[in-house]
Amino acid sequence: MATHLIVAEANGDKLLKATLSTITAAKAAGGDLHGIVLGQGNGAVATELANHVGKVHHAEHADLANWNAQAYAKVVADAAKSIGATHVWGAATAAGKDTFPRIAARLDAAMASDISDVVDEKTFKRPMWAGNVIGTVELASDTKVITVRGTEFAPDEGGAGGEVAAFGAEPGDLKMKFVSQEVVESERPQLADADAIVAGGRGVKGPEGFKDVVEPMADALGAAIGASRAVCDAGWVPNDWQVGQTGKVVAPDLYIALGISGAIQHVAGMKGSKTIVAINKDEEAPIFQVADYGLVEDLFKAGPELTGKIKEIKG
């Protein structure tokens, strides 16, 4: 029987939604589920994870207090070997993309990255060429390493009632060192967890357009804010707002695209959204090909009007 080890990621004391979706994907492959929580002083995360898997290995060490790909990869690989894991799973987040190739190398394992479907315990599907092709990948190694596109799997609902056990973490002699971390504080939802997203593109015409049109609409909806790559590269908004192939992949219930043309790399990151609304004055804009509702109009006129209607409806 397969033995799965799921590497947890958390925001403070709460598991990321992407980790819960990773658990759903692992369950689809069948077998026993283990989880591992790495860090320092994060027992609450281990307790939460135990509600989703049969056993949690809690690895605490000062060198794991902050995410360090080298340290995390060694400890995860050690844990996988100790339990005889046939599969090691993680979310295809920035941290996962940084760490999991190292885990695969340490385990001499084949890897499938950013999977969107589980066919069986050794076969997976993943998007390629900005999502225009879905490839089927078969992993032939004894140990298999997989990262999961969280937007393609519903978060696990829990109820496992598993146990938590300490794992003796030995990060080893580290050549990588944590220096600092800059966190953007916001009262708005995180992009990856938001039910609604309002995103702006070059048609917003500058930072002022975001403040005058995008942000008021997002606040009226209680939504997160996204942006196209061109906007982030121009420095109009923070890079962590970027949605797309080289940014964040999202699939909210509602995605409103304001002044976004619909470049293929952006569409690859949001086309899984349940409902897509596009406002663009260019009726030939590619974004209308994926939109459920499209409005050919000046966003500086239509945007504030829509925001006003949203406020009216919400009282």
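What comes next is a walk through the structure. Owing to the predicted nature of the structure, the values given are computational and were not obtained by experimental measurement.

**Side note on helix α3 (residues 69-83)**
And step 1. In a regular helix each residue adds 1.5 Å, so 15 residues correspond to 21 Å; α3 covers 21 Å between its end C-alpha atoms and thus fits that length.
And step 2. Here α3 lies mainly inside the structure; 11 of its 15 residues are buried.
And step 3. Among the residues making up α3, those that are buried are Ala69, Gln70, Ala71, Tyr72, Ala73, Lys74, Val75, Val76, Ala77, Ala79 and Ala80.
And step 4. Looking at the buried residues of α3, the elements they touch are β1 (3-7), β4 (32-39), β5 (55-60), β6 (87-91) and α4 (94-107).
And step 5. Regarding α3, its N-cap is asparagine 68, as a side-chain oxygen of that residue lies 3.0 Å from the backbone nitrogen of glutamine 70 further along.
And step 6. Immediately beyond the C-terminal end of α3, within one or two residues, lies glycine 84, with a positive phi of roughly 65°.

**A short note on the packing of aromatic side chains**
And step 1. Under the definition given, this model contains three aromatic pairs.
And step 2. A ring pair is formed by tryptophan 89 and phenylalanine 124, whose centres lie 5.9 Å apart and whose planes are at 85°; its orientation type is edge-to-face. Of this pair, tryptophan 89 sits in strand β6 while phenylalanine 124 sits in strand β9 (residues 123-128); the two residues are 35 residues apart in sequence, bridging distant segments of the chain. Note on accessibility: tryptophan 89 and phenylalanine 124 belong to one class, buried.
And step 3. Judged by centre distance (6.3 Å) and plane angle (40°), the ring pair of phenylalanine 210 and tryptophan 241 falls under tilted. With a gap of 31 residues between them, phenylalanine 210 in helix α5 (residues 207-221) and tryptophan 241 in the loop between α6 (229-233) and β15 (254-258) connect regions that are remote in the sequence. For the pair formed by phenylalanine 210 and tryptophan 241, the shared burial category is buried.

**What to know about the sheet that holds strand β11 (residues 144-148)**
And step 1. Spatially, the seven strands line up as an open sheet ordered β7-β11-β6-β1-β4-β5-β12, and their pairing is parallel. Bordering the open sheet on either side are β7 (110-115) and β12 (163-166), each of which pairs with just one other strand. The mean inter-strand angle of the sheet, taken between neighbouring strand axes irrespective of direction, is 20°.
And step 2. Lying on the sheet, α4 is in contact with β1, β6, β7 and β11; it crosses β11 at an angle near 170°.

**Looking at the packing of α5 against helix α8 (residues 299-314)**
And step 1. Between α5 and α8, the shortest axis-to-axis distance is 9 Å and the interhelical angle comes to 25°. Looking at the two axes, α5 sits roughly parallel to α8. The handedness of the crossing between α5 and α8 is left-handed. Listed contacts from α8 to Gly209, Val213, Pro216, Met217, Ala220 and Leu221 of α5 are Leu299, Phe300, Gly303, Pro304, Leu306, Thr307, Ile310, Lys311 and Lys314.
And step 2. Of the residues that constitute the contact of α5 with α8, the class distribution is 10 nonpolar, three polar and two charged.

**What to know about the packing of α3 against α4**
And step 1. Following both chains from N to C, one finds α3 and α4 inclined at 45°, their axes separated by 8 Å at the closest point. Put simply, α3 runs oblique to α4. Seen from above, α3 lies across α4 with right-handed handedness. Contacts between α3 and α4 involve Ala69, Gln70, Tyr72, Ala73, Lys74, Val76, Ala77, Ala80 and Lys81 from the first element and Asp98, Thr99, Arg102, Ile103, Arg106 and Leu107 from the second.

**Brief notes about unusual backbone geometry**
And step 1. We note that aspartate 108 has phi near 50°; this positive angle belongs to a residue other than glycine.
And step 2. Topologically, aspartate 108 is positioned in the loop between α4 and β7.
And step 3. The exposed category is assigned to aspartate 108, whose relative accessible area is 69%.
And step 4. A positive phi is found at aspartate 114, a non-glycine position, where the angle reads about 55°.
And step 5. Tracing the backbone through its elements, the reader meets aspartate 114 in strand β7.
And step 6. Residue aspartate 114 is classed as buried on the basis of its relative accessible area of 16%.

**Considering the sheet that holds strand β16 (residues 275-279)**
And step 1. Ordered in space as β14-β13-β15-β16-β17, the five strands form an open sheet in which the pairing is parallel. For this open sheet the edge positions go to β14 (224-227) and β17 (293-295), each flanked by a neighbour on one side alone. Strand-to-strand twist across the sheet, computed as the mean angle between neighbouring axes with direction ignored, equals 15°.
And step 2. In this structure, β15 lies alongside β16, joined through five bridges in parallel fashion. Bridge pairing in β16 places isoleucine 256 opposite valine 277.
And step 3. Together, β13 (196-200), β14 and β15 form the strand contacts of α5, whose direction differs from that of β14 by roughly 140°.

So, how was this worked out
Residues numbered from 1 in each chain as written. Predicted model: local features only at pLDDT ≥ 70, side-chain atom pairs only at ≥ 80, totals over all residues. Heavy atoms only, no water. Helix = DSSP H or I, 4+ residues; strand = E, 2+ residues; numbered from the N terminus. Expected span 1.5 Å × (residues − 1). Buried < 20%, exposed > 50% of the residue type's maximum accessible area, 1.4 Å probe, protein only. Contact = heavy atoms within 4.5 Å. Polar contact = N/O pair within 3.5 Å; in protein donor to acceptor, adjacent residues only side chain to side chain. Phe/Tyr/Trp six-rings, centres within 6.5 Å; stacked < 30°, edge-to-face > 60°. Pairing = 2+ DSSP bridges. Axes fitted to C-alpha atoms, helices over the stretch in contact; angles between N-to-C directions. Parallel < 35°, antiparallel > 145°, perpendicular 65-115°, else oblique. Left-handed = near helix turned anticlockwise from the far one by under 90°. Nonpolar A, V, L, I, M, F, W, Y, C, P; charged D, E, K, R; others polar.

Geometric values such as these leave the question of function open.
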